[in-house]
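Below are the chains, spelled out letter by letter.
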Amino acid sequence: MKTKLKNKLRFFSLLKETYKEWNEDDPFRHSAVIAYYAIFSLPALLIIVVKVAGLVLGKEAVQGQIEAQISGIIGHQAAEQVQTMIANSSQMGNSIIAIIIGVATLLFGATGVFYQLQQSLNKVWEVQPKPNAGISKLAIDRATSLGIILAIGFLLLIFMVVTTSLNYFSEWIKQYVPDVLMYVFYAVNILIPLGVITVLFALIFKVLPDAKVSWRSVWVGAFVTAILFTIGKFALGIYFGKAEPASTYGVAGSVILMMLWVNYSALILLFGAEFTQVYARSKGHRIEPSSHAQRTPEFRLKEMEHAHEETKR
């Protein structure tokens, strides 16, 4: 009993420290920048995800799933706007030059939001690229962002296959399985999306920043972030449905809603990244800069102040 109470107090202590450091890192400015770039990256990002997952399940099925998810969070009008974005952005022309330019623009646009997210995560984990990193660092960053996008498509594919299978057998399960086991079925329906989101956040925390993070810290941080993200998704869905903030902006309402949703989601993700850092520090798992990065001046200053305090003691 005492152990459980001690663990709870320790967890709340970690959350308190996380909030303090998260607030110090100016998360609202970072989330606003991510939301701004997300609007321009969204069409290209969705096209790549649809094409990757659509290779197995078909383009229409994947687009329908994306539309259903967006509609459930920010409304049917915004979902239709996203579908229009995909349709307009996928027209690249017939000539080879037009196709090459179209693909290059697509890749550059889709990776833009992840590049900005990388800068924000670097700020959270107090690392920065080395001054002489040059164009090779930019190429690595874009390739990493593209890898994250492909992973999103793969995870969406797994999610759709599993959920489609569960929905297919749901009627049979209701008829032949005892009522008690139905609660297990409902729990699985909740745990699968949570697991997919956890894996996605783990990939983002592990691969995207210019830092080396222990997998033990990454999985804990990603799981906490996934829980917060899932709660936030339902809360935002209720808020958007009841308050209808888009009605104030008229024609631009759908775009504003998407920016608001990305903004709030980015705040949750940055909080999760901060929690990962705080948790790693509490466990003695240091977050080190990668080979093409270094510590920020702010981190060095804090280390000097800490060393000075230790000397005084």
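Up top you'll find the structure we're talking about.
Since the model is a prediction, treat every value here as computed from it, not as a measurement.

(A) Looking closely at the overall build of the protein chain. Counting secondary structure elements, the protein chain contains ten helices and four strands. Split into buried and exposed, the 313 residues of the protein chain put 43% on the buried side. Long-range contacts, defined as pairs at least 24 residues apart, comprise 80% of the intrachain contacts of the protein chain with a sequence gap of at least 6. Summing over all exposed atoms, the protein chain offers an accessible surface of approximately 17,900 Å²; the carbon and sulfur share of this is 66%.

(B) Region of the structure containing the environment of Ile66. The residue Ile66 is located in helix α3 (residues 59–74) in this model. The exposure class of Ile66 is buried, given its relative accessible area of 10%. For the pair Ile66 and Val50, spaced 16 residues apart in sequence, the C-alpha to C-alpha distance is 8.7 Å.

(C) Molecular detail of the environment of Ile47. Relative to the helices and strands, Ile47 is located in helix α2 (residues 27–57). A relative accessible area of 2% means that Ile47 is categorised as buried. A C-alpha to C-alpha distance of 9.4 Å links Ile47 and Gln63, two positions 16 residues apart in sequence.

(D) Examining the nonpolar core more closely. Judged by nonpolar contacts, the single largest core of 37 residues is most densely connected at Leu117, Leu121, Trp125, Phe201, Ile204 and Phe205. Looking at this core, the elements that each hand over two or more residues are α2, α5 (96–124), α7 (179–207), α8 (215–243) and α9 (253–282). With nine residues, the single largest contributor to this core is α9. The contact partners of Leu117, leaving out residues within four places of it in the chain, are Ile34, Ile204, Leu208 and Leu269. Counting seven residues, the second largest nonpolar core, distinct from the first, contains Ile39, Leu42, Val50 and Ile66.

(E) Layout of the side chain of Thr225. Tracing the sequence through the fold places Thr225 in helix α8. Contact partners of Thr225, with chain neighbours within four places excluded, come to Phe201, Phe205, Ile268, Leu269, Gly272 and Ala273.

(F) Just the packing of aromatic side chains, in detail. By the definition in use, this model includes ten aromatic pairs. Geometrically, the ring pair formed by Tyr36 and Tyr37 is edge-to-face, given 5.6 Å between the ring centres and 85° between the ring planes. Since its relative accessible area comes to 45%, Tyr36 is described here as partly exposed. You can call Tyr37 partly exposed: its relative accessible area is 34%. Note on Phe201 and Phe229: the rings are 5.6 Å apart at their centroids and 80° apart in plane angle, and the pair reads as edge-to-face. With Phe201 in helix α7 and Phe229 in helix α8, this residue pair connects regions lying 28 residues apart in the sequence. For the residue pair Phe201 and Phe229, the accessibility class agrees, reading buried in each case. Every member of this aromatic cluster is reached through a ring pair, and the members are Trp125, Phe201, Phe205, Phe229 and Trp261.

(G) Representation of the pattern of salt bridges in the model. A complete count under the given rule lists four salt bridges for this structure. The salt bridge involving Arg286 is made with Glu288; its shortest N-O contact spans 2.7 Å. Its relative accessible area of 51% is what places Arg286 among the exposed residues.

What counts, and at which threshold
Residues numbered from 1 in each chain as written. Predicted model: local features only at pLDDT ≥ 70, side-chain atom pairs only at ≥ 80, totals over all residues. Heavy atoms only, no water. Helix = DSSP H or I, 4+ residues; strand = E, 2+ residues; numbered from the N terminus. Buried < 20%, exposed > 50% of the residue type's maximum accessible area, 1.4 Å probe, protein only. Contact = heavy atoms within 4.5 Å. Areas by Shrake-Rupley, 256 points an atom, 1.4 Å probe, with all protein chains shown as cover. Core = buried A, V, L, I, M, F, W, Y, C linked by side-chain atoms within 4.5 Å. Phe/Tyr/Trp six-rings, centres within 6.5 Å; stacked < 30°, edge-to-face > 60°. Salt bridge = Lys/Arg side-chain N within 4 Å of Asp/Glu carboxyl O.

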